[in-house]
Amino acid sequence: MSPPLLGVGEEECQSNGTLLASSSSLESVCENAELKEHNYMGLADRPSENRSVVPTVFECCKITLTLKATELRLGLPGSQSPERDADFCAISSAKLDEKPLFPLHPSNDGHYSSQKIVVSGNKRGFADAMCYASEGEFMANPEANVVLSPRPSPNLGLKNCSGPESFGHRPAKVKEITTTQIAPETQPNDGSGRNIASAPAPKQQVVGWPPIRSFRKNSLATTSKNAEEVDGKPGSGALFVKVSMDGAPYLRKVDLKHYSAYQELSSALEKMFSCFTIGALGREMLSESNLKDLLGGAEHVLTYEDKDADWMLVGDVPWEMFLDTCKRLRIMKSCDAIGLAPRAVEKSKSKN
Amino acid sequence: MDPSKSRDSAESTRVIQFPNDVLERILSLIDSHRDRSAVSLVSKAWYNAERWTRRHVFIGNCYAVSPQIVARRFPNIRSVTLKGKPRFSDFNLVPPNWGAEVHAWLAVFADQYPLLEELRLKRMTVTDESLKFLARKFQKFRALSLLSCDGFSTNGLEAIATDCRHLTELDIQENGIDDISGNWLSCFPENFTSLEVLNFASLSSDVNFDALERLVSQCKSLKILKVNKNITLEQLQRLLVRAPQLTELGTGSFLQELTAHQYEELERAFIGCKNLHALSGSWEATTLYLPVLYPACTNLTFLNLSYAALPSEELAKLVAHCPHLQRLWVLDTIEDVGLQAVASNCPLLEELRVFPADPYDQDINRGVTESGFLAVSLGCRKLHYVLYFCRQMTNAAVARIVQNCPGFTHFRLCIMKPGQPDYVTNEPMDEGFGAVVKTCTNLRRLGVSGLLTDLTFEYIGRYAKNLETLSVAFAGGSDRGMQCILDGCPKLRKLEIRDSPFGNGALLSGLEKYESMRSLWMSACKVTLNGCKMLARQRPRLNVEVMKDEDMDDGQSYKVYVYRTVAGPRTDAPSFVHTL
């Protein structure tokens, strides 16, 4: 049973890679953005582990179902929207440097009828990802890997202005898949209601589009990062946390994403609270090795509240992990930080 | 009958024999180069009078004519404006080292126009050597303006600052420049006093602030000052108190933390600038400090916030203080709400440009939509220039907008997703743009976008009788579209097309047209080499240049640049440019 299944799956996989890639390039609503990211955190991070893939994909499928249930669609729920396929006809031969999202085709419904609900738009892939996973063959499918792997960080192309470059290697891959299996898909769906002129496919990241001068584009890259700071809204690029200082009359907020290391953060905080004299806090590198010295002499200690609502000493964990777990910051007086010090000192001892 | 007839002929001969001195005196008062071109066509005498009195020459395409021809015709030029590369080079569609080098021009000018005073370049390649040459050879040189140029570095600017003793204008805008250091500013001589315009907003290196402060205090005629991001608010305050006569100001960054005292001082400095009518800045603004600007905004006619990502509330508060605003450039972070505030507060608005803060973001819930545009059209009836980047639009909205503001001269709408239809009806945007050309009879420039069929171009060809510039991308269905344009728009001068299905038939349908146009650009269309060769063969006075697109595999991906010229084929073309 397995080999023919795999065979079918491969073909479908290839074509669906195109279909889904195309559909995502046509979709003007970015409803999928978060979903894409979510999926790929599971799939891309651990490509070789079958087990870990399965639960993630299942979770995503559930999310898929929820979203799909509420999404306004032109066709009946559960049906493949023919409009989309018509689009795919028009653009299938064109330049697709789109991120291939869910390469697995759903139309092998006969085998996986339980997944039929999820069949439509971009989410088809999940149905099959799930199905394949349940068969234990998901990662055995080499095609899936080929198509899935070139998509490490889905938002990178969207957010950064280095779009064309980051997509440079993809067209080759997508094209290979594109050329096969398009014909049978397109014929039944020709001539659907969509009034498409024979214009070329809308690319995700087209050279020189939208038409903005390079200088302005490069400035905007920095401006948009700061815009989120200005807005105070949590855009996907900002991570604002409150910073309180013992004895200060008011709190401040900082965007942790603005910094790339502890050193930057501490100097920024020092500047911010300079009127309240942080002292030695900002001067030393907040690394494990320095902590002992720091705590020994400093007036203040920088701590943070993590996801478990524990107050932790800043500097123990790698910066990235810190970003993930930090909920708020507090600049404590050293005398209050007695409870924290031994733990930190122990850690640094164990490292040394 | 007879006497009047002979009187008429006597009159006519007398007019032609108008004394040259008087004629030249009168013609020297005419500035517009279009008027002057018209004048030169009247008669031989007028042609000569005109050429002797012309002080400023505008060359829209540097390859349409050679510097020798220019120098031969106009002996007394003091000011030159030169434009080089096709506009799509701004969007990386033209490979580097394409050409448009200014040096060949400078070499001729050094010989023929040693008294040259002004040079304004757009999309030209300028090297440091050229800048040094310029500074050395032209003793009376006063004004240099570089917009969207490339090939030079701040070292070249050092030469300008050091050697141009009478410099009044140094305007460096949005160039692909190698920003090595800010030392150039310190190269101005100690007793330098002549500067009137200084714009280094787009440079990123730090300049020596003391040198800048001294420069500003000494140059009492300084009217336009645009500093770069690195100038802090505190430094800005010090500059402003030394130059309260400024009419145009570009601020630095607004990020600095100010004490209450510093804030007051800054506010006072702005209050002191009573003549400010244009404001811009690379503001990474903490909007805490925007209120310092309010007192300076009363007479503001131009506000350029296109590098400041302001949220709608902040913009609303700001424009509430700008009742006389005529031109506004913003980022789409202000959203429709911000535009509504503009509509309510700025009834005199004539020009609006909304740039996307995050052009590659697909999130349709950010940025501006058709309702913002509509709101502005309702509140600002004098609106005639719009550049609008959005993620959604409808035909109905566009039709209503032009109904509200039928006076559009420049309508540049960019729906950022290529080929996107009216998001409500799912139809092409044909009717919307049709409404634009039907209603706006004075339309001179049009930028189209979204899903468009040949019908749009039929409309344009039929109705846009004053259209001079048309930009097309990802649009049209067949050759017919482009043909309609070429047949229909009598005043068309610049046509630029990308990624549209127009082929040889369309290209060749413009045989009669191209010599009356400045240029035609087509890239990623269906034109083949044979079509271009045919065009070149039939029209020897056009340069038909073809660039092969290295990225594309199929044989049809050419970039075609066609322009009229009296200088013959380019002698400096790089290997990837083939003149047919």
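Quick notes on the rules
All chains use their own residue numbering, which begins from 1 and follows the written sequence. Here every chain gets a letter starting at A, and every ligand a number starting at 1, in the order they are written. Only residues with pLDDT of at least 70 are given local features in this predicted model, and only at 80 or more are side-chain atom pairs given and counted; all residues enter the totals for whole chains, interfaces and linings. Side-chain descriptors were evaluated using all non-hydrogen atoms of the structure, hydrogens and water having been removed beforehand. UniProt positions are given in the numbering used here, feature names are shortened, and annotations may be inferred rather than shown by experiment. Strands are runs of DSSP state E lasting at least 2 residues, helices are runs of H or I lasting at least 4, and numbering of each runs from the N terminus. Burial status follows relative accessibility: with a 1.4 Å probe on protein chains alone, a residue under 20% of its type maximum counts as buried, one over 50% as exposed, and anything between as partly exposed. Contact definition: two residues touch when any of their heavy atoms are within 4.5 Å. Here the accessible surface of atoms and residues is derived via Shrake-Rupley with a 1.4 Å probe, and residues count as covered only by protein chains that are part of the display. In this description, a disulfide is simply a cysteine sulfur pair whose atoms lie within 2.5 Å. Here, a strand pair is defined by DSSP locating no fewer than two bridges between the strands. Axis lines are fitted to C-alpha atoms, over the contacting stretch for helices. Their N-to-C directions set the angle, which ranges from 0 to 180 degrees. Aromatic rings from Phe, Tyr and Trp, with only the six-membered ring used for Trp, were paired whenever their centres fell within 6.5 Å, and each pair was classed as stacked if the ring planes differed by under 30 degrees, edge-to-face if by over 60, and tilted otherwise. In this scheme, Lys NZ or Arg CZ marks a charge over a ring once it lies within 6 Å of the ring centre and within 35 degrees of the ring normal. Grouping buried Ala, Val, Leu, Ile, Met, Phe, Trp, Tyr and Cys residues that are joined through side-chain atoms within 4.5 Å yields what is termed a nonpolar core. A crossover gets the label right-handed when its path from the first strand over the helix to the second runs clockwise, viewed with the strands pointing away from the viewer. Here the word oblique covers every angle except those under 35 degrees (roughly parallel), over 145 (roughly antiparallel) and from 65 to 115 (roughly perpendicular). Gly is placed with the polar residues, together with every amino acid not listed as nonpolar (Ala, Val, Leu, Ile, Met, Phe, Trp, Tyr, Cys and Pro) or charged (Asp, Glu, Lys and Arg). For any helix crossing, the convention is left-handed if the near helix is rotated counterclockwise from the far helix by under a right angle, and right-handed if that rotation is clockwise. Salt bridges are defined as contacts in which a side-chain nitrogen from Lys or Arg sits within 4 Å of a carboxyl oxygen from Asp or Glu. The definition of a polar contact used here is a pair of N or O atoms within 3.5 Å, where within protein one atom must be able to donate a hydrogen and the other to accept one, and adjacent residues in sequence count solely through side-chain atom pairs. Patches here are clusters of residues that have more than 30% relative accessible area and form no salt bridge, with a 9 Å joining cutoff for like charges and a 5 Å cutoff for nonpolar side chains (Val, Leu, Ile, Met, Phe, Trp, Tyr). Every residue gets a pLDDT, meaning the predictor's confidence in that residue, from 0 to 100.

- An unreviewed UniProt entry lists chain B under the name Protein TRANSPORT INHIBITOR RESPONSE 1-like, from Rhodamnia argentea.
- As stated in UniProt under Subcellular location (unreviewed entry), the record for chain B gives "Nucleus".
- We quote the UniProt Pathway (unreviewed entry) comment for chain B here in full: "Protein modification; protein ubiquitination."

- By the naming in an unreviewed UniProt entry, chain A is Auxin-responsive protein, taken from Rhodamnia argentea.
- Under the Function (unreviewed entry) heading, UniProt states for chain A: "Aux/IAA proteins are short-lived transcriptional factors that function as repressors of early auxin response genes at low auxin concentrations."

### Things to note about the overall build of chain A
Consideration 1: Secondary structure summary: chain A contains 15 helices and five strands in total.
Consideration 2: By residue count, 51% of the 352 residues in chain A fall in the buried class.
Consideration 3: Considering only contacts in chain A between residues 6 or more positions apart, those separated by 24 or more positions represent 67%.
Consideration 4: Of the accessible surface of chain A, which amounts to about 16000 Å², a share of 56% is contributed by carbon and sulfur atoms.

### Side note on the overall build of chain B
Consideration 1: Secondary structure assignment for chain B yields 20 helices and 23 strands.
Consideration 2: For chain B, the residues scored as buried account for 59% of the 580 residues in total.
Consideration 3: Entry remark: accessible area of chain B is about 22800 Å², with carbon and sulfur atoms responsible for 50%.

### Some thoughts on the state of the cysteines
By definition, a disulfide links the sulfur atoms of two cysteine residues through a covalent bond.
Residue and element names in this part refer to chain B.
Consideration 1: Taken as a whole and assessed by the stated rule, the structure comprises zero disulfides over all chains.
Consideration 2: Free of any disulfide, Cys-380 has its nearest neighbouring cysteine sulfur in Cys-346, separated by 6.4 Å.
Consideration 3: As a non-bridged cysteine, Cys-414 has Cys-390 as the owner of its nearest cysteine sulfur, 7.5 Å distant.

### Concerning the pairing of strand β2 (residues 252–255) of chain A
Residue and element names in this part refer to chain A.
Consideration 1: As defined by bridge partners, strand β1 (residues 240–245) adjoins β2 across four bridges and the pair is classed as antiparallel. Across the sheet, the residue bridging to Val-243 is Arg-252, located in β2.
Consideration 2: Taking the residues between adjacent antiparallel strands as the criterion, β1 and β2 are bridged by six residues, where Gly-247 takes a positive phi near 100 degrees.

### Quick word on the side chain of Thr-251 of chain B
Residue and element names in this part refer to chain B.
Consideration 1: Relative to the helices and strands, Thr-251 resides in strand β10 (residues 248–251).
Consideration 2: The class of Thr-251 is buried, set by a relative accessible area of 0%.
Consideration 3: Beyond its immediate chain neighbours, meaning those up to four positions away, Thr-251 contacts Val-227, Leu-236, Phe-270, Leu-279, Ser-280, Gly-281, Ser-282 and Trp-283.

### Some words on the sheet that holds strand β4 (residues 311–313) of chain A
All names here are of chain A.
Consideration 1: The five strands are arranged β2-β1-β5-β3-β4 in an open sheet whose pairing can be described as mixed. The sheet is open, and its two edges are formed by β2 and β4, each paired on a single side. Across the sheet, the mean angle from the axis of one strand to that of its neighbour is 35 degrees, orientation sign disregarded.
Consideration 2: As judged from the four bridges shared by β1 and strand β5 (residues 328–333), these two strands associate in the parallel manner. What sits directly across from Ser-244, in β5, is Arg-330.
Consideration 3: Packed onto the sheet, helix α12 (residues 262–272) meets β1, β2, β3 (300–305) and β5 and runs at close to 155 degrees relative to β2.

### Focus: the packing of aromatic side chains
Consideration 1: Going through the model one piece at a time under the given rule, you end up with 26 aromatic pairs over all chains.
Consideration 2: Summarising the aromatic geometry, the rings of Phe-188 of chain B and Phe-192 of chain B are spaced 4.9 Å apart at their centres and angled 40 degrees between planes, so their arrangement reads as tilted. The pair formed by Phe-188 of chain B and Phe-192 of chain B is uniform in burial state, with each residue classed as buried.
Consideration 3: The ring of Phe-355 of chain B is capped by Arg-216 of chain A, whose NZ or CZ atom sits 3.7 Å from the centre of that ring.
Consideration 4: A cation over a ring is seen here: Arg-327 of chain B above Phe-302 of chain B, with NZ or CZ 4.0 Å from the ring centre.

### Focus on the nonpolar core
Consideration 1: Membership of the largest hydrophobic core comes to 179 residues, with the highest contact counts inside it found for Leu-198, Leu-212, Phe-408, Phe-411, Leu-446 and Ile-460 of chain B.
Consideration 2: When sequence neighbours within four positions are dropped, the list of residues in contact with Leu-198 of chain B reads Leu-170, Trp-184, Leu-185, Leu-212, Leu-215, Leu-222, Ile-224, Leu-225 and Lys-226 of chain B.
Consideration 3: Counting residues in hydrophobic clusters, the runner-up holds 23 residues, among them Met-245, Tyr-262, Leu-269 and Phe-273 of chain A.

### Looking at the environment of Tyr-307 of chain B
All names here are of chain B.
Consideration 1: Residue placement: Tyr-307 occurs in the loop between β12 (302–304) and α12 (312–319).
Consideration 2: Tyr-307 gets classed as buried once you look at its relative accessible area, which sits at 13%.
Consideration 3: Once the C-alpha coordinates of Tyr-307 and Trp-283 are considered, the two residues, 24 residues apart in sequence, prove to be 6.3 Å apart.

### Structural notes on the pairing of strand β2 (residues 79–83) of chain B
A regular strand places its side chains on the two faces of the sheet in alternate fashion.
Residues and elements named next belong to chain B.
Consideration 1: Within β2, four of the five residues are buried, which leaves it mostly tucked inside the rest of the structure.
Consideration 2: Pairing analysis gives four bridges linking strand β1 (residues 56–59) to β2, with the strands arranged parallel. Bridge pairing in β2 places Val-57 opposite Val-80.
Consideration 3: The parallel pair β1 and β2, bridged by helix α5 (residues 67–73), forms a crossover whose chirality is right-handed.
Consideration 4: Where β2 meets strand β3 (residues 118–122), five bridges bridge the pair, whose relative direction is parallel. Following the sheet pairing, Val-80 is matched in β3 by Leu-119.
Consideration 5: You can see the chain leave β2, run along helix α6 (residues 103–112) and come back into β3, and the turn it takes is right-handed.

### Concerning the packing of α12 of chain B against helix α13 (residues 335–345) of chain B
All names here are of chain B.
Consideration 1: The interhelical angle for the contact between α12 and α13, taken along N-to-C directions, is 10 degrees, at an axis separation of 8 Å. When the axes of α12 and α13 are compared, the pair comes out roughly parallel. Of α13, the residues touching α12 (which contributes Ser-312, Leu-315, Ala-316 and Val-319) are Val-337, Gly-338, Ala-341, Val-342 and Asn-345.
Consideration 2: Along the lines of polarity and charge, the residues of the contact of α12 with α13 split into six nonpolar, three polar and no charged.

### Some details on the packing of α6 of chain B against helix α7 (residues 128–137) of chain B
When two helices pack together, you describe them by how their axes are tilted relative to each other and by the distance separating the axes.
All names here are of chain B.
Consideration 1: One way to put it is that α6 packs onto α7 with a least axis distance of 10 Å and a crossing angle of 15 degrees. Classified by the angle their axes make, α6 and α7 are roughly parallel. The handedness of the crossing between α6 and α7 is left-handed. Only Glu-129, Ser-130, Phe-133, Leu-134 and Lys-137 of α7 make contact with α6, whose side of the interface consists of His-103, Leu-106, Ala-107 and Ala-110.
Consideration 2: Grouping the constituent residues of the contact of α6 with α7 by class yields five nonpolar, two polar and two charged.

### Comments concerning the pattern of salt bridges
Close approach of charged atoms allows side chains with opposite charge to pair.
All names here are of chain B.
Consideration 1: Scanning the model with the defined rule gives 28 salt bridges over all chains in all.
Consideration 2: Here Glu-351 makes a salt bridge to Arg-327, at a shortest N to O gap of 3.1 Å. Here Glu-351 is found in strand β14 (residues 351–355), whereas its partner Arg-327 is found in strand β13 (residues 327–331), with 24 residues between them in sequence.
Consideration 3: Classification of Arg-327 as partly exposed rests on a relative accessible area of 31%.
Consideration 4: One salt-bridge network, held together by shared partners, links Glu-117, Glu-118, Arg-120, Arg-142 and Glu-169.

### Overview of helix α8 (residues 154–163) of chain B
Residues and elements named next belong to chain B.
Consideration 1: Buried within α8 we find Thr-154, Gly-156, Leu-157, Ala-159, Ile-160 and Ala-161.
Consideration 2: On its buried face, α8 is in contact with α7, β4 (143–147), β5 (150–153), β6 (169–173) and β7 (176–178).
Consideration 3: Between the side-chain oxygen of the N-cap and the backbone nitrogen of Asn-155 there are 3.1 Å, and the N-cap of α8 in question is Ser-153.

### Examining a nonpolar patch on the surface
Residues and elements named next belong to chain B.
Consideration 1: A contiguous nonpolar patch, built from Phe-18, Val-22 and Ile-26 and spanning about 240 Å² of accessible area, is present on the exposed surface.
Consideration 2: Mapped onto the fold, Val-22 is located in helix α2 (residues 20–27).
Consideration 3: By relative accessible area, which is 35% here, Val-22 ends up partly exposed.

### Let's talk about the confidence of the model for chain A
Keep in mind that low pLDDT regions are not for reading the predicted coordinates in detail.
Residues and elements named next belong to chain A.
Consideration 1: Within chain A, residue pLDDT values average 53, and 26% of them lie at 70 or more.
Consideration 2: In this model, residues 227–236 is a region of pLDDT below 50 whose contacts with residues beyond four sequence positions or in other chains number 19 contacts.
Consideration 3: When the criterion is pLDDT under 50, residues 278–297 qualifies, and its contacts beyond four places in sequence or with other chains add up to 43 contacts.

### Regarding helix α10 (residues 233–242) of chain B
Consideration 1: All of the buried residues along α10 of chain B are Leu-233, Gln-235, Leu-236, Gln-237, Leu-239 and Leu-240 of chain B.
Consideration 2: On its buried side, α10 of chain B packs onto α9 (209–218), β9 (224–226), β10 and α11 (260–272) of chain B.

### Describing unusual backbone geometry
Most peptide bonds are trans, and most residues other than glycine sit at a negative phi.
Consideration 1: That bond from Trp-209 of chain A to Pro-210 of chain A is cis: its omega, -5 degrees, falls within 30 degrees of zero.
Consideration 2: Even without a glycine there, the phi angle at Ala-100 of chain B is positive, about 60 degrees.
Consideration 3: You can call Ala-100 of chain B buried: its relative accessible area is 0%.
Consideration 4: A positive phi is found at Ala-524 of chain B, a non-glycine position, where the angle reads about 55 degrees.
Consideration 5: Take Ala-524 of chain B: it is sitting in the loop between β20 (519–523) and α20 (529–538).
Consideration 6: Looking at Ala-524 of chain B, the relative accessible area reads 29%, which means it is partly exposed.

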